[in-house]
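# Working through the structure, step by step
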Amino acid sequence: MTAEQLYGLCGAGLVGLGLFGLITAELPLRRIVAFNLLGGGAFVVFGVIARRGAAAGLGGDPVPQALIITGVVVGFAATALAVTLVRRLHEETGTTKFDQDELPPETVKLSDATLSGGNP
Amino acid sequence: MLQAGGSLLVLALMLPVIGILLIMSLDARHTGKIALALMPAGLAVALAIAARVWTTQAGLEYFIGGWAPPLGVALRADGISAVMLVTTSVVIGAAGLFARAEFRQPDNQPEARAPLMFWLLLLGIWAGLNAVFLGGDLFNLYVALEMLTFAAVPLVCLSGKAETLAAALRYLLFALLGSALYLLGAVLLFGAYGTLDIALLAARIAAQANMASPVWPLALWVALALMTVGLLAKTALFPLHLWLPPAHSGAPAAASAVLSALVVKASFFLIVRLWFGMLPGLTPWLGAQLLAALGAAAILFGSVLALRQARLKLLVAYSTVAQIGYLFFVFPLAANPAASTASAALAWTGGWMQLVSHALAKAAMFMAAGLIAETLGHDRIAGLGGVARVVPITVIAFALAGASLMGLPPSGGFVAKLLLLSAAVSQGLWFWAVVMLLGGLLAGGYLFRVLSPALGPLPAGWTPAARIPRDRQAVALVLALGAVLLGFAPLKSYDLLQFGRPAIAGAVTR
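An account of the accompanying structure is given in this report. (Residues numbered from 1 in each chain as written. Chains lettered and ligands numbered in written order. Predicted model: local features only at pLDDT ≥ 70, side-chain atom pairs only at ≥ 80, totals over all residues. Heavy atoms only, no water.)

As a further point, take the interface of chain A and chain B. The interface of chain A with chain B comprises 48 residues on the first partner and 47 residues on the second. Summing both sides of the interface, chain A and chain B together bury roughly 4,000 Å²; the carbon and sulfur share of this comes to 78%. In this structure, the connection of chain A to chain B is made through 1 residue pair in polar contact (both at pLDDT 80 or more). Contributions of two or more residues to the side of chain A that touches chain B are made by α1 (3–24), α2 (28–52) and α3 (62–93) of chain A. Element by element, the count of residues in the side of chain A that touches chain B is highest for α3(A), at 16 residues. (Contact = heavy atoms within 4.5 Å. Buried area = accessible area lost by both parts, 1.4 Å probe. Polar contact = N/O pair within 3.5 Å; in protein donor to acceptor, adjacent residues only side chain to side chain. Helix = DSSP H or I, 4+ residues; strand = E, 2+ residues; numbered from the N terminus.)

Now the structure itself:
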């Protein structure tokens with residue numbers, strides 16, 4: 001196995017872990033970490049692609065490297081925004097959980113939703 | 001290379017950003033005025049771009065810094081970009097006028113935070129939308145999408161209430177999942193084709209298709225699937241719609257209008273760019289049918305849930321879930337390998353008509369719902385009795401917008417659904433036509449649930465919670481009228497949607 005393949009598989013593994021966490025985790029903070037894993041996996045894959053594209057005496061294609069830096073900054077901003085929201089939610093409600101299976105509030109039964117039902 | 005008219009594209013990107021910088025650096029009292037002053041300018045630029053695309057009958061292109069792709073980054077505007085730019089500046093301008101009184105900086109007091117954030121974020125959304133509609137580079141589009149998300153999420157929780165914070169967090173997590181999948185797909189495409197420019201990708205993929213026995217890299221289809229699913233999460237297509245109703249119903253009315261009318265459409269626009277722009281004539285047929293099936297499920301599910309809501313703003317939000325579904329009929333109907341070019345063009349036009357008429361109608365509807373909630377002090381549908389006697393203009397706006405959503409002639413929604421319907425029937429895909437008709441019926445049902453009590457008598461001893469100025473009601477009415485009058489647009493003007501787009505009919509079966 002070449003180094004590139006190893007790195008590529010690592011990236012794919014990170015993507016899988018992140019995706020699993022983002023979908024199944026209950027705490028928002030865990031989901032935020034999972035998002036970072038997923039993003040990190042994508043960047044590792046991009047790094048391998050840069051390495052594969054190495055030419056003209058360079059160790060790697062410089063375009064992906066520049067884009068990874070930008071992506072890291074965007075991911076950082078996203079994480080900061082998400083963590084701020086979690087903190088504010090904690091300040092307001094004393095918990096960082098939000099109910100996963102929260103029903104849309106105050107739904108009415110179809111049979112009650114008659115045309116004249118709104119009149120007091 | 002500075003193409004004639006190309007600098008207009010730069011101007012469209014820069015105007016909102018100039019506004020943000022001015023607001024940051026000038027006295028807070030001018031916040032709203034600066035934003036509002038820029039909106040007519042933005043509309044003028046969008047109209048100029050549309051006029052240029054119309055007269056040249058081709059797309060505009062601008063290479064940033066004079067560097068052509070693959071080295072540089074291109075901005076491109078074709079017919080659909082021009083239409084989206086104009087729609088965006090109209091809806092953003094209306095939202096600005098609507099919010100002028102609500103988010104005014106108080107006189108002779110230290111600057112308030114909510115107005116400052118509202119105007120900054122509104123301009124941020126505008127900048128993000130324009131960047132999405134003009135972007136020609138997949139990575140640039142990723143940054144534009146993120147910019148849009150970062151501006152849209154805080155708008156949801158502007159009131160700072162716990163439930164809006166939870167809604168914003170849920171929205172952000174869905175959006176981040178979407179952008180991570182999109183980024184991964186873009187990375188795989190770069191690995192397979194060595195460029196991120198959509199036009200270059202399309203050329204390289206087409207060159208491959210023209211070979212005697214094309215060997216498709218697995219990466220292409222994996223990337224397309226990843227990016228599509230990611231963008232679907234941001235578009236809130238069923239079953240990834242869970243975040244939309246709480247987020248859109250919790251935001252201030254002007255913000256809900258922009259979020260529902262425009263922000264969810266930006267990611268839909270990108271899916272179309274990928275499926276039709278990057279893979280001209282190669283659209284995977286099964287995938288297109290799957291998207292339409294999800295759209296059909298969205299129409300039925302969203303409409304039934306809208307029918308069951310007890311609150312007006314949630315009803316309007318679920319109606320957005322349903323109306324988004326119609327957009328996805330474009331994929332099988334405009335890319336049907338068996339369809340004639342004329343029939344595919346009908347579906348293409350119908351899809352964009354649906355997008356624009358829904359944008360105008362839904363913005364009007366959210367504004368009307370916000371005004372009704374203000375005047376009653378609540379938005380329970382059971383307590384709407386007689387509201388039409390208090391704010392008649394608002395209820396007329398709501399009804400007109402509703403007529404377009406139901407697809408009543410002569411509204412824009414009617415023309416859109418008629419075009420999609422006739423394309424579906426002429427291509428033998430009648431089951432999609434059945435869903436469209438059912439969706440119209442259900443929309444009629446949930447709108448009558450609102451209008452019937454609203455037109456009834458006022459309860460005795462009722463006093464309004466707030467007086468609603470006429471000009472705010474007029475903004476909603478003008479948008480709703482726009483949605484209706486769209487149905488009167490001359491047939492010739494539909495040609496704009498076709499300019500600069502790759503040939504779409506004729507997909508490969510896969």
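Read on for the rest.
A separate point is helix α1 (residues 6–25) of chain B. Every α-helix carries 3.6 residues per turn, so stepping three or four residues along brings you back to the same face. Residues and elements named next belong to chain B. The first and last C-alpha atoms of α1 sit 29 Å apart over 20 residues, in line with the 28 Å expected at 1.5 Å per residue. Roughly 30 degrees is the biggest bend found in α1, and it falls at Met14, with proline Pro16 one to four residues downstream. Those residues of α1 lying buried are Gly6, Leu8, Leu9, Ala12, Leu15, Pro16, Gly19, Ile20 and Ile23. Taken together, the buried residues of α1 touch α2 (31–56), β1 (60–63), β2 (74–77) and α4 (113–134). (Expected span 1.5 Å × (residues − 1). Bend = angle between axes of the 7 residues up to and from the residue. Buried < 20%, exposed > 50% of the residue type's maximum accessible area, 1.4 Å probe, protein only.)

Residue and element names in this part refer to chain B. Contact geometry of helix α6 (residues 162–193) with helix α8 (residues 218–235) gives a least axis separation of 7 Å together with a crossing angle of 160 degrees. In terms of their interaxial angle, α6 and α8 are classed as roughly antiparallel. Pair α6 / α8 crosses with left-handed handedness. (Axes fitted to C-alpha atoms, helices over the stretch in contact; angles between N-to-C directions. Parallel < 35°, antiparallel > 145°, perpendicular 65-115°, else oblique. Left-handed = near helix turned anticlockwise from the far one by under 90°.)

Residues and elements named next belong to chain B. On inspection of all chains with the given rule, the structure shows 19 aromatic pairs over all chains. Relative to Phe301, the ring of Phe238 has its centre 4.9 Å away and its plane inclined at 50 degrees; by these criteria the two rings are tilted. Of the two residues, Phe238 is situated in the loop between α8 and α9 (244–250) and Phe301 in helix α11 (residues 285–308); the sequence distance between them amounts to 63 residues. With a centroid separation of 5.7 Å and an interplanar angle of 25 degrees, the aromatic rings of Phe328 and Phe331 are classed as stacked. Look at Phe328 and you get buried, because its relative accessible area is 0%. An aromatic cluster is defined as three or more aromatic residues linked by ring pairs; in this entry it consists of Phe133, Phe268, Phe269, Trp275, Phe276, Phe328, Phe331, Trp348 and Trp352. (Phe/Tyr/Trp six-rings, centres within 6.5 Å; stacked < 30°, edge-to-face > 60°.)

Turning our attention to the pattern of salt bridges. Residue and element names in this part refer to chain A. Enumeration according to the criterion identifies 11 salt bridges over all chains in this entry. The residue Glu4 makes a salt bridge to Arg51 at a minimum N-O spacing of 3.7 Å. Of this pair, Glu4 sits in helix α1 while Arg51 sits in helix α2, and the two are 47 residues apart along the sequence. Taking the relative accessible area as the measure of exposure, Glu4 reaches 28% and is therefore partly exposed. Here Arg88 ties to Glu91 by a salt bridge, and the two come within 3.6 Å at their closest N and O atoms. On the criterion of helical spacing, the pair formed by Arg88 and Glu91 is a turn pair, its members being 3 residues apart in helix α3. Members of the salt-bridge network, linked through shared partners, are Arg88, Glu91 and Glu92. (Salt bridge = Lys/Arg side-chain N within 4 Å of Asp/Glu carboxyl O.)

Turning next to the pairing of β2(B). All names here are of chain B. Every second residue of β2 is oriented toward a common face, with Ala74 and Arg76 on one face and Leu75 and Ala77 on the other, all of them buried. Judged from the 4 bridges that link them, β1 and β2 form a sheet pairing that is antiparallel. Of the residues in β2, the one forming a bridge with Leu60 is Ala77. (Pairing = 2+ DSSP bridges.)

Most peptide bonds take the trans configuration, and most residues that are not glycine carry a negative phi. Residue and element names in this part refer to chain B. Residues Phe238 and Pro239 are joined by a peptide bond in cis, for which omega reads 0 degrees. With respect to the helices, strands and loops of the structure, Pro239 is situated in the loop between α8 and α9. Geometrically, the link from Pro409 to Pro410 is a cis peptide bond, its omega value of 5 degrees lying close to zero. When you line up the elements, Pro410 lands in the loop between α16 (392–406) and α17 (412–426). Non-glycine residue Ala236 carries a positive phi angle of around 65 degrees. Summarising the element assignment, Ala236 is placed in the loop between α8 and α9. On the basis of relative accessible area, Ala236 is assigned to the buried category, the value being 0%.

Turning to the packing of helix α14 (residues 341–376) of chain B against α17(B), a few remarks are in order. Residue and element names in this part refer to chain B. Orientation of α14 relative to α17, taken along the N-to-C sense of each, is 150 degrees, at an axis distance of 8 Å. Judged on the interaxial angle alone, α17 and α14 are roughly antiparallel. The handedness of the crossing between α14 and α17 is left-handed. Taken together, the residues of α17 that come into contact with α14 (itself represented by Ser343, Leu346, Ala347, Thr349, Gly350, Gly351, Met353, Gln354 and Ser357) are Gly412, Gly413, Val415, Ala416, Lys417, Leu419, Leu420, Ser422, Ala423 and Ser426. Of the residues belonging to the contact of α14 with α17, the class tally is 8 nonpolar, 10 polar and 1 charged. (Nonpolar A, V, L, I, M, F, W, Y, C, P; charged D, E, K, R; others polar.)

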